[in-house]
Amino acid sequence: MRAYYSYFKSELMVGLQYRTAALAGLSTQFFWGIILSFIYTAFYSHASLANFSINQLMCYVWLNQAFFSLVYPSLNDGQIMSQIKNGGVAYELCRPYDLYWWWYLKMLSKRYASCMLRCLPVLIFAVLLPVGYKLVAPVSIISLLLFIISLFLGTLVITGINMIIQSISFFTNEDKGIGSIFYTFMALLSGIAIPLPLLPDILNTINYLLPFRLISDLAYQTYSGSMVLSNVLISIFMQIIWIFILILIGKLIMKKVLTKASIQGG
Amino acid sequence: MSFITVRNLSKTFKVVKRDSGLKNAFKSLIKRKTTEIKAVNDISFDINEGEIVAYIGPNGAGKSTTIKMLTGILRPDSGEIIVDGFNPFNNRIKYVKNIGVVFGQKSQLWWDIPVEESFLLLKDIYKVSDEDYELRKEELVKLLNLKDILKTPVRQLSLGQRMRAEIAASLIHDPKILFLDEPTIGLDAISKVEVRKFIKEINKRKKVTIILTSHDMTDIEALTDRIIVIGHGKKLYDGRLQDIKKKFNKNKKVEILFKKISNIPDIKYTKIIEKKKNKILLDVNMEKNTISKVIRE
Amino acid sequence: MKLIKNYLSMHLKVSLEYKSSFILSCISQAIYMLVELFTIYALFLKFKLLNTFDINEMLLGFSTIWLGYSLAELFARGFDHFDKLIVRGDFDLLLIRPRSIFIQIFGSDICYEKFGRTLCALLIYIYSASKVITNLTLLKISLLITMVIGCFILIISLFIIGASFCFVTVQGIEAINIITNGTKQVAEYPLSIYKKPVRMFFTFVIPIVLINYYPISYLTDKTGNILYVFMPLVTIISFIISEYIFHIGMKKYCSTGS
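(A) Broad picture of the packing of helix 6 (residues 159-169) of chain B against helix 7 (residues 189-206) of chain B. All names here are of chain B. Where helix 6 contacts helix 7, the axes come no closer than 10 Å and their chain directions differ by 15°. When the interaxial angle is binned, helix 6 and helix 7 end up roughly parallel. For the pair helix 6 and helix 7, the crossing hand works out as right-handed. Between helix 6, through G160, M163, R164 and I167, and helix 7, the contact on the second element is made entirely by S191, E194, V195, F198, I199 and I202. Looking at side-chain class alone, the contact of helix 6 with helix 7 contains six nonpolar, two polar and two charged residues.

(B) The arrangement of a nonpolar patch on the surface in detail. Nonpolar side chains collect at one region of the surface, where F115, L119, L122, L123 and I126 of chain C lie side by side and expose about 460 Å² of accessible area between them. Take F115 of chain C: its relative accessible area is 43%, and that puts it in the partly exposed class.

(C) Quick peek at the nonpolar core. Grouped together as the largest cluster of nonpolar side chains are 191 residues, with contacts concentrated most on F67 and L198 of chain A together with F82, F91 and F246 of chain C. Residues contacting F246 of chain C, with those up to four places away along its chain left out, are F79, F82, I101, F102, I105, I160, A163, S164 and F167 of chain C.

(D) Inspection of the interface of chain A and chain C at higher detail. Listed per partner, the contact involves 38 residues of chain A and 31 residues of chain C. Where chain A abuts chain C, roughly 3000 Å² becomes buried across the two surfaces, and 78% of that area is made up of carbon and sulfur atoms. At the boundary of chain A with chain C, the tally comes to one salt bridge. A salt bridge links K46 of chain C to D201 of chain A, with the nearest nitrogen and oxygen atoms 2.9 Å apart. Taken together, the connections running from chain A to chain C amount to four residue pairs in polar contact (both at pLDDT 80 or more). If you list the elements that add at least two residues to the side of chain A that touches chain C, you get helix 2 (19-44), helix 9 (177-190) and helix 10 (201-207) of chain A. Residue contributions to the side of chain A that touches chain C peak at 16 residues, all from helix 2 of chain A. Of the residues belonging to the side of chain A that touches chain C, the class tally is 26 nonpolar, nine polar and three charged.

(E) The arrangement of the packing of aromatic side chains in detail. Within the structure shown, the criterion is met by 39 aromatic pairs over all chains. Look at F102 of chain C and F239 of chain C: their rings are 6.3 Å apart centre to centre, the planes differ by 90°, and that puts the pair in the edge-to-face class. Taken as a pair, F102 of chain C in helix 7 (residues 101-108) and F239 of chain C in helix 14 (residues 235-256) lie far apart in primary sequence, 137 residues in all. Overall, the relative accessible area of 10% leaves F102 of chain C in the buried class. Feature note: the residues F79, F82, F91, F102, F106, F167, F239, F246 and Y253 of chain C constitute an aromatic cluster, connected by ring pairs. Seen from the ring of F103 of chain B, K106 of chain B lies directly overhead, with NZ or CZ sitting 4.5 Å from the centre.

(F) Focus on the pairing of strand 9 (residues 234-240) of chain B. All names here are of chain B. Taken together, the six bridges between strand 8 (residues 226-231) and strand 9 define a ladder with antiparallel strand orientation. Counterpart to R226 in the pairing with strand 9 is R240. Between strand 8 and strand 9, which pair antiparallel in sequence order, lie two residues; one of them, H232, sits at a positive phi of approximately 50°.

(G) Local environment of the sheet that holds strand 6 (residues 177-181) of chain B. Residue and element names in this part refer to chain B. One open sheet holds the six strands; their spatial order is 5-6-7-3-8-9, and the pairing between them is mixed. Each edge of the open sheet is held by one strand with a lone partner, namely strand 5 (99-103) and strand 9. Geometrically, the sheet is characterised by an average inter-axis angle of 15° between neighbouring strands, direction not taken into account. As paired strands, strand 3 (residues 52-56) and strand 7 (residues 209-213) are joined by four bridges and run parallel to one another. Across the sheet, residue I52 finds its bridge partner in strand 7, namely I210.

(H) Just the pairing of strand 3 of chain B, in detail. All names here are of chain B. Most of strand 3 is tucked away, with five of its five residues classed as buried. Residues I52, A54 and I56 of strand 3 are buried on one face, and the alternating residues V53 and Y55, pointing to the opposite face, are buried as well. In terms of strand pairing, strand 3 meets strand 8 through four bridges, oriented parallel. When the sheet's bridge partners are listed, V53 is paired in strand 8 with R226.

(I) Structural context of the pattern of salt bridges. Residues and elements named next belong to chain B. One pass over the full model with this rule turns up 34 salt bridges over all chains. Between E139 and K206 there is a salt bridge, with the nearest N and O atoms lying 3.5 Å from each other. Placement of E139 in helix 5 (residues 130-144) and of K206 in helix 7 is noted, with a sequence separation of 67 residues between them.

Cut-offs applied
- Residues numbered from 1 in each chain as written.
- Chains lettered and ligands numbered in written order.
- Predicted model: local features only at pLDDT ≥ 70, side-chain atom pairs only at ≥ 80, totals over all residues.
- Heavy atoms only, no water.
- Axes fitted to C-alpha atoms, helices over the stretch in contact; angles between N-to-C directions.
- Helix = DSSP H or I, 4+ residues; strand = E, 2+ residues; numbered from the N terminus.
- Parallel < 35°, antiparallel > 145°, perpendicular 65-115°, else oblique.
- Left-handed = near helix turned anticlockwise from the far one by under 90°.
- Contact = heavy atoms within 4.5 Å.
- Nonpolar A, V, L, I, M, F, W, Y, C, P; charged D, E, K, R; others polar.
- Patch = residues over 30% accessible without salt bridge, like charges linked within 9 Å, V, L, I, M, F, W, Y side chains within 5 Å.
- Areas by Shrake-Rupley, 256 points an atom, 1.4 Å probe, with all protein chains shown as cover.
- Salt bridge = Lys/Arg side-chain N within 4 Å of Asp/Glu carboxyl O.
- Buried < 20%, exposed > 50% of the residue type's maximum accessible area, 1.4 Å probe, protein only.
- Core = buried A, V, L, I, M, F, W, Y, C linked by side-chain atoms within 4.5 Å.
- Buried area = accessible area lost by both parts, 1.4 Å probe.
- Polar contact = N/O pair within 3.5 Å; in protein donor to acceptor, adjacent residues only side chain to side chain.
- Phe/Tyr/Trp six-rings, centres within 6.5 Å; stacked < 30°, edge-to-face > 60°.
- Lys NZ or Arg CZ within 6 Å of the ring centre and 35° of its normal.
- Pairing = 2+ DSSP bridges.

Laid out in structure tokens, this is it:
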């Protein structure tokens, strides 16, 4: 466990080193949030939605900006792929831990390290905005608590998916095409491209059983109360199941990848 | 007037100074401390047409800054550069038609496509006519032994082959001056020898003036007589390589082992540094004496 | 001219070296755009605004900006990713060539992977234009062409301004990228949905209305003012400004180095 912790720490240190980069990333989040809120308020000025108020929408937009690096589809840097390709995996195989978990936690800690650097400024910024644009308080303490839990579980879901995609892209031997097509659809279905309550109802019905909405949409809707409590609890239960399924699939594929890699002499 | 004239050339850079620590990091966000570094400080020299001159000095001495000013990339703060009647920075586009540059650590060739394609692009960039291009290509292929690699993508070339192609690429437009910035960096011993041979050949056949920088003393020894040494932005030496060798290698330490120490004669131009039971250490002035002479005595 | 042709063919050869990867990225780029289009459609559906806004007009606005943007990404990637040119020091190599710096930067990178997206946008553009325009005149055809060119020039100007910032700090490009992408994002929607301050910004600061909003109202015969036909050409001013800024940056670069 200590190894993972020190990896997390070094990621954080690297992030702190590049201050201008962090600042640039932060301003991206600010401006993007502003642009999105302009676009959405334009729609709300023409009509309003029954089950998704403008305040709830703004919560969605700003939480998404603040926790962007936790839930963004393809934050991984392809490090695993390149390691397998260039033979660096030999080093990793010599280390005294399970390779799947090592990479899994590496990706996870990269997300958290990156998030720690930018989430607070964005949240403060969002709270200080004028009414109608600002991030309002969660509906209740319970929903805040459930928000934190489901967001954490959401990062486990996305990392599980990342592991699978990375392993598959090893077989297809390219890391730009298929992966990015998948991630584009994932952005749509996970609420990164557009808040899920704004998608057509048919699509949301199908999406309900898929893991993508569990990454971040569930957490944001829990926070703003646009999802009823009973549904939230069921969804958290689904998160746990999906986490197990994804890890299982990921481990199976990883096993195949490593056998193939060692046959290649990588 | 000589071919290349450099007079009182100076260039100063501002460098941001950062102190460590979080507090200082925030401070530097607001107010930045800058220090001025004189990269090139009052340098003058002349180079004649057809010369090979090596420009040497430790890292950060101001070598590449000077090269960048000579090639028209950087504007000098003060001083004057006249190359073949041009001011490199002010008449950049006209001037660079006459020069070829090879940066050992950068590539002007296209990584993924055959070498010849890069040549063709350069032909268009420099507006070389078809006949001239064919003529020169043939000449360079023969000279630099490129026949087998012309159709190969650059990524499949060895470093030595690539450097030969780079040199050829910078000669497509028949420049009068060739700048070589560390042309042998990273090459193995055999490739180094080859590249040196080609550089000499080019200089001899095409009468190209060559200015090169290198850290490799054997490079310089093999290629040129004249060196310009620069350190901390200042010119330290300008002259023949042999002379500087003599200057610094004037005295050699000689250790002589004896079976039995007899009387040590007093030899001219030689000092005894240390005397032990069966060993003496001598300091011999090589200009006036030779080692064999000392031993004989 | 021959040089430009040569640059184009060189980059095509590079792209074709990695054929399967090239085709896949082409497709994925196009899919990205289509997903974006789908989200816009979804929004109009959700807010039941499809009666107030003509869907073909919307498509025309969307494809104008995407066509211009994709073309800019395709041909002006050297400016879009100018930070790489500076970081790798390859900019110095351009300075030692006896050709215009601008042409060389354009030639330094041409991203054929954006072709899939460009083609896709072009098809939507032609389709929606044919639906929107009832009586096709010569002026309208020329307007359709200048709209795309104007948008292309406007986006390129933004790229160039971003690139100019690289002479000061390499990270500066990201700040400008937000503005470029933000402009694209805002202009994907019909500009009439926005409130006045937002519209003002995109009239006077980044004049996206000139290539999108006003010309479309001419195409749909909402106005007969012939001046609207020449509006997209006003973007040339933004190009001149950006070129000026770039030269200031370059001067600074040449006197301070990297």
